[in-house]
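# Understanding the architecture of this molecule
Each chain, written out:
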Amino acid sequence: MAALILFPAIDLKNGQCVRLKQGDMDQATVFNDDPAAQAAAFEQQGFQWLHVVDLDGAFAGKPMNAAAVEAILARVAFPVQLGGGIRDMATVEGWLKKGVRRVIIGTAAVRDPAFVREAAKAFPGQVAVGIDARDGYVAVEGWAETSALAADDLGRRFEDAGVAAIVYTDIARDGMLQGINWDGTIGLANALTIPVIASGGLASMADIERLCAPDAAILEGAITGRALYDGRIDPATALARVAKAGSIATI
């Protein structure tokens, strides 16, 4: 097993760093007016990756916070994965050329799976799929619509496509500080050969401990947002614990 990765999250709305509750754009809390400064702070704290979502882009179907993303890329050296509004090859190529390490395709993975396959083939190791689930079914269009497609069925569609990772979010938990849906997330990881990243609800050091449990070693890592911003998770302590678990898993 590779070392676990703890991804700090920056969600962008109107050029600001925000957190939502259950994906509701009307329940946005602004945590920083300068996303690039926030990204730099995460890098200085020792995080190895950054997870960024263009929330406006997810609803619009095209990049809407490009200036903020570009400012982040110009400010930090650690790798950035980006989702939100990535629906065509031109957008994939554009972001990768600007320095994004990995793009996350969500809605288009449901609407146009051939596009995901094309992108993953063209850019090996740089294309992930975002599976955002509500009661086990995939939500699209910035979580505004719930499809009839089960999360694990969507994951299986891309088993042979060369997708680098699945970012799995339980919408009911997202931003609610109620803990990750460990059963659903680990179950999905066990059902697929594609690495799975847990997202949605990581709330405390108890969740960090759960991430470090042996059955969670199958995960690539987890994303944390609100709990970092409000101090429920101490970066140094969390990173040290995850690093310890990762070193044990690689022995």
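In what follows, the structure referred to is the one given above.
Notes on the structure follow. (Residues numbered from 1 in each chain as written. Predicted model: local features only at pLDDT ≥ 70, side-chain atom pairs only at ≥ 80, totals over all residues. Heavy atoms only, no water.)

### Describing the overall build of the protein
- Helices and strands together make up the secondary structure of the protein, namely 11 helices and 12 strands.
- Rg of the C-alpha trace for the protein: 16 Å, near the compact-globule value of 18 Å for 251 residues, within the 12% margin.
- Here the protein holds 251 residues, and the buried ones make up 56% of them.
- In the protein, the proportion of contacts linking residues at least 24 apart, taken out of those at least 6 apart, comes to 70%.
- A total accessible area of about 10100 Å² is found for the protein, and carbon and sulfur atoms account for 49% of it.
- Mean positive and mean negative side-chain charge positions of the protein (22 and 30 charges, respectively) differ by 2 Å. (Helix = DSSP H or I, 4+ residues; strand = E, 2+ residues; numbered from the N terminus. Rg over C-alpha atoms; globule rule 2.2 N^0.38 Å. Buried < 20%, exposed > 50% of the residue type's maximum accessible area, 1.4 Å probe, protein only. Contact = heavy atoms within 4.5 Å. Areas by Shrake-Rupley, 256 points an atom, 1.4 Å probe, with all protein chains shown as cover. Lys, Arg positive; Asp, Glu negative; His and termini not counted. Charge placed at Lys NZ, Arg CZ, Asp CG, Glu CD.)

### Here we look at the pattern of salt bridges
- In the structure shown here, the tally under the stated rule is 9 salt bridges.
- Between Arg156 and Asp153 there is a salt bridge whose closest N-O contact spans 3.3 Å. In this pair, Arg156 and Asp153 are both assigned in helix H7 (residues 151-157), 3 residues apart and thus about one turn of the helix distant.
- Where Asp215 meets Arg210, a salt bridge forms, and the shortest distance between an N and an O atom there is 2.8 Å.
- By relative accessible area, Asp215 is classed as partly exposed at 39%.
- Since its relative accessible area comes to 25%, Arg210 is described here as partly exposed.
- Several salt bridges converge on common partners, so that one network encompasses Asp152, Asp153 and Arg156. (Salt bridge = Lys/Arg side-chain N within 4 Å of Asp/Glu carboxyl O.)

### Here's the deal with the packing of aromatic side chains
- For the structure on display, the rule yields 4 aromatic pairs.
- Ring centres of Phe42 and Phe47 lie 5.8 Å apart, and the angle between their planes is 85°; on these two criteria the pair is classed as edge-to-face.
- Look at Phe42 and you get buried, because its relative accessible area is 2%.
- An aromatic cluster of three or more residues is present, and its members are Phe31, Phe42, Phe47 and Tyr229.
- A cation over an aromatic ring shows up here: Lys98 above the ring of Trp95, its NZ or CZ 5.3 Å from the ring centre.
- Sitting over the ring of Trp49, Arg101 keeps its end group 6.0 Å from the ring centre. (Phe/Tyr/Trp six-rings, centres within 6.5 Å; stacked < 30°, edge-to-face > 60°. Lys NZ or Arg CZ within 6 Å of the ring centre and 35° of its normal.)

### Re the environment of Met64
- Assignment of secondary structure puts Met64 in the loop between helix H2 (55-60) and helix H3 (66-75).
- Using a relative accessible area of 45% as the deciding quantity, one classes Met64 as partly exposed.
- With near-sequence residues (within four places) excluded, Met64 lies in contact with Asp54, Asp56 and Gly57.

### Details of the nonpolar core
- Membership of the largest hydrophobic core comes to 73 residues, with the highest contact counts inside it found for Ile10 and Ile105.
- Excluding anything up to four places from it in sequence, Ile105 contacts Ile86, Val92, Phe115, Val116, Ala119, Val127, Ala128, Val129 and Gly130.
- Counting residues in hydrophobic clusters, the runner-up holds 10 residues, among them Ile104, Ala128, Val167 and Ile197. (Core = buried A, V, L, I, M, F, W, Y, C linked by side-chain atoms within 4.5 Å.)

### Some remarks on helix H6 (residues 113-122)
- Buried within H6 are the following residues: Phe115, Val116, Ala119 and Ala120. For H6, the angular spread of the buried residues around the axis is 130°, confining them to a single face. (Arc of directions from axis to C-beta.)

### Some remarks on helix H1 (residues 35-44)
- Pro35, Ala36, Gln38, Ala39, Ala40 and Phe42 are the residues of H1 that are buried.
- The first or second residue beyond H1 is Gly46, which carries a positive phi of 110°.

This is a description of form; function is not addressed.
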